[in-house]
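# Close look at the chain arrangement
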Amino acid sequence: HSIQAPAIYNLFAGITFLGSPTFWILLAATMYWLGKEKASFFFMNLVVFTGALVALFKPIFGIARTETAGTAQKIVGFELYSGLSFPSGHTTTITAVFSYWSRWMNKRQKWVAVFLVLLVAFSRLYLQVHWLTDVIAGIVLGWLIGKANCWIVDKMQKRSFRLTEFRDEGA
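Residues numbered from 1 in each chain as written. Predicted model: local features only at pLDDT ≥ 70, side-chain atom pairs only at ≥ 80, totals over all residues. Heavy atoms only, no water.

Per-residue confidence for the protein averages 81 on the pLDDT scale, and 80% of its residues sit at or above 70. Mean pLDDT per element in the protein: strand β1 (residues 74-75) is the minimum at 46, and helix α4 (residues 89-101) is the maximum at 92. Long-range and interchain partners of residues 73-80, a stretch whose pLDDT sits below 50, account for 13 contacts in this model, where long-range means more than four residues apart. (pLDDT = per-residue confidence, 0-100. Helix = DSSP H or I, 4+ residues; strand = E, 2+ residues; numbered from the N terminus. Contact = heavy atoms within 4.5 Å.)

Shown next as structure tokens:
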């Protein structure tokens, strides 16, 4: 932490946004608006489920953030931390996204995804809002959630799942 400088801090604050559920919800909405309704549905399921699991685990484990987390700066009006740290939500989210998308990635894209996951995980450490165990747990949990979502998608597609099945038949 002795190398912290405002420019580097702001760079990592921007990188950490790649793990923000807000970023991925906006992407899911864009997918929907572009006519990719089914892909958007499954992707939004992934993001919401990831957020819900992280929100469930944080109070169960009850691990406090680093002592310096209280001094973290605000970026674009959002705080980079909440009271509890385990697991890292940003790390879990970006790992879940790329774990899910990996089935459609080539080898080079997978390496870029791994790099981005590690970069977000490092950003959480650099910003001093997580412990190393938080980001490691986030990577493991995110990978499991992404693969579970792949399994759900496969099961739903084998059953000829259509979004219109959720619409009210009487309307």
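Looking now at the pattern of salt bridges. According to the stated counting rule, one finds 1 salt bridge in the structure shown. In this structure, R103 and D154 form a salt bridge, with 2.7 Å as the shortest nitrogen-oxygen distance. Within this pair, whereas R103 is found in the loop between α4 and α5 (107-126), its partner D154 is found in helix α6 (residues 132-158), the two being separated by 51 residues in sequence. Judged by its relative accessible area of 29%, D154 is partly exposed. (Salt bridge = Lys/Arg side-chain N within 4 Å of Asp/Glu carboxyl O. Buried < 20%, exposed > 50% of the residue type's maximum accessible area, 1.4 Å probe, protein only.)

Another point: the nonpolar core. In this structure, W24, F43, L46, F98 and Y100 are the most contacted members of the largest nonpolar core, which totals 28 residues. Taken together, the elements giving at least two residues each to this core come down to α1 (6-16), α2 (21-33), α3 (37-61), α4, α5 and α6. Each residue touching F43, except ones within four places of it in the same chain, is listed here: W24, L27, A28, M31, V97, Y100 and W101. (Core = buried A, V, L, I, M, F, W, Y, C linked by side-chain atoms within 4.5 Å.)

Once that is clear, we can look at α2. Here α2 is 13 residues long and its end C-alpha atoms lie 18 Å apart, about the 18 Å a rise of 1.5 Å per residue gives. For α2, the full list of buried residues reads W24, A28 and M31. Taken down its axis, α2 places every buried residue within 55° of arc, on the same side. Facing away from the buried side of α2 by over 90 degrees, the exposed positions are L26 and W33. If you follow the buried residues of α2, they end up packed against α3 and α4. The first or second residue beyond α2 is G35, which carries a positive phi of 90°. (Expected span 1.5 Å × (residues − 1). Arc of directions from axis to C-beta.)

Moving on: the packing of aromatic side chains. Per the counting criterion, the structure on display carries 12 aromatic pairs. Members of the aromatic cluster, joined through ring pairs, are F17, F23, W24, F43, F98 and W101. Sitting over the face of the ring of W104, R103 holds its NZ or CZ atom 5.2 Å from the ring centroid. (Phe/Tyr/Trp six-rings, centres within 6.5 Å; stacked < 30°, edge-to-face > 60°. Lys NZ or Arg CZ within 6 Å of the ring centre and 35° of its normal.)

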